[in-house]
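Summary of the model geometry
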Amino acid sequence: SQKIEQNSEALNIQEGKTATLTCNYTNYSPAYLQWYRQDPGRGPVFLLLIRENEKEKRKERLKVTFDTTLKQSLFHITASQPADSATYLCALGEGSARQLTFGSGTQLTVLP
Amino acid sequence: GAGVSQSPRYKVAKRGQDVALRCDPISGHVSLFWYQQALGQGPEFLTYFQNEAQLDKSGLPSDRFFAERPEGSVSTLKIQRTQQEDSAVYLCASSKTGAGANTGELFFGEGSRLTVL
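Residue indices follow the written sequence of each chain, beginning from 1 at its first position. Lettering for chains starts from A, numbering for ligands starts from 1, and both go in the order in which the items are written. Residues qualify for local features only when their pLDDT is at least 70, as the model is predicted, and side-chain atom pairs are given and counted only at 80 or more; totals for whole chains, interfaces and linings, by contrast, use all residues. Note: side-chain values were computed over all heavy atoms of the structure, leaving out hydrogens and water.

Residue and element names in this part refer to chain B. When DSSP finds two or more bridges between two strands, those strands count as paired. Counting from the N terminus, the helices are DSSP H or I runs at least four residues long and the strands are E runs at least two residues long. Within the open sheet, the four strands sit side by side as S1-S3-S8-S7. Their pairing is antiparallel. Looking at the sheet topology across the chains shown, the edges are occupied by strand S1 (5–7) and strand S7 (65–68). Averaged over all pairs of adjacent strands, the angle between their axes in this sheet comes to 15°, without regard to strand direction. Two strands pair when backbone bridges link them, and S1 and strand S3 (residues 19–24) are joined in this way by three bridges, in the antiparallel orientation. The partner of Ser-7 across the bridge, within S3, is Arg-22. Here an axis means a line fitted to C-alpha atoms, over the contact stretch when the element is a helix, while the angle between two N-to-C directions is reported on a 0 to 180 degree scale.

Turning next to the interface of chain B and chain A. We call two residues contacting when some pair of their heavy atoms lies within 4.5 Å. Taken residue by residue, the interface counts 26 residues in chain B and 18 residues in chain A. The term buried area denotes the loss of accessible surface (1.4 Å probe radius) that occurs when two parts are joined, taken as the sum for both partners. Interface area for chain B against chain A, summed over the two sides, is near 1,700 Å², with a carbon-plus-sulfur share of 49%. Every case where a carboxyl oxygen of Asp or Glu lies within 4 Å of a side-chain nitrogen of Lys or Arg is listed as a salt bridge. The interface formed by chain B and chain A includes one salt bridge. When the shortest N-O distance is used, the salt bridge between Arg-42 of chain A and Glu-110 of chain B registers 2.5 Å. Two N or O atoms form a polar contact when they lie within 3.5 Å of each other; inside protein one atom must be a possible hydrogen donor and the other a possible acceptor, and for residues adjacent in sequence the pair counts only when both atoms belong to side chains. Viewed at the interface, chain A and chain B are joined by seven residue pairs in polar contact (both at pLDDT 80 or more). Counting residues per element, the ones that place at least two in the side of chain B that touches chain A are strand S4 (31–37), strand S5 (44–50) and strand S9 (88–95) of chain B. Of all the elements, S4 of chain B adds the most residues to the side of chain B that touches chain A, at four residues. Looking at the side of chain B that touches chain A residue by residue, the classes come out as nine nonpolar, 13 polar and four charged. Gly is put with the polar residues, along with every residue not named as nonpolar or charged; the nonpolar set is Ala, Val, Leu, Ile, Met, Phe, Trp, Tyr, Cys and Pro, and the charged set is Asp, Glu, Lys and Arg.

Residues and elements named next belong to chain A. Pairing in this open sheet of five strands is antiparallel, and the strands run S1-S3-S8-S7-S6 from one edge to the other. Across the chains shown, the open sheet's two edge strands, defined by having one partner strand only, are strand S1 (3–6) and strand S6 (56–59). Within the sheet, the average angular offset between the axes of one strand and its neighbour, ignoring direction, is 15°. In terms of strand pairing, S6 meets strand S7 (residues 62–67) through four bridges, oriented antiparallel. Paired with Lys-59 across the two strands is Leu-62, which belongs to S7.

Below, the structure is given as structure tokens:
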């Protein structure tokens, strides 16, 4: 069956450290993968998109990698800040399908 | 406004009542999506519109769920004879691009939280 798995538990890290979130998928062939941030009571907000032929993408303190052999994406936040505390969602897009399929998210807490 | 607007933000319904949730997407956005998000879970796809055409409704959980976008702008998600399992946040998202175009980010609204008693 198809599965998207993100860090199974909440992730707590100290301010200034690098947070690494994982997204593993099974029985999907994504053409691209997106990461979103969601704060409590709010809708998800787009952060980054990476395509299947791209290994790595960066945006300011954010970096995402995409390994189609391992069927995994890693999302890094460097020099983390308490304001980075939120739930982070990965989402897969397959071929011509327009909808994204989301993982269940990882709740990140950056401790001051 | 500049973003996707959803109303009502909160809705409490008694079991068996019908509800209607409204989404006003970003002006000019071709694609509109409805997602359902249960507590502690990621959004799950319900249905997709390209302009006024409903191109995919494979995620609608039952025939009690109905969505429309008659003029290719505002969309309404209607749930008939609500059940307790319908309690969730209903998210609307829009995107500039249409089907077959390059991938585009989704712009989400704040959601409508439905509680069925």
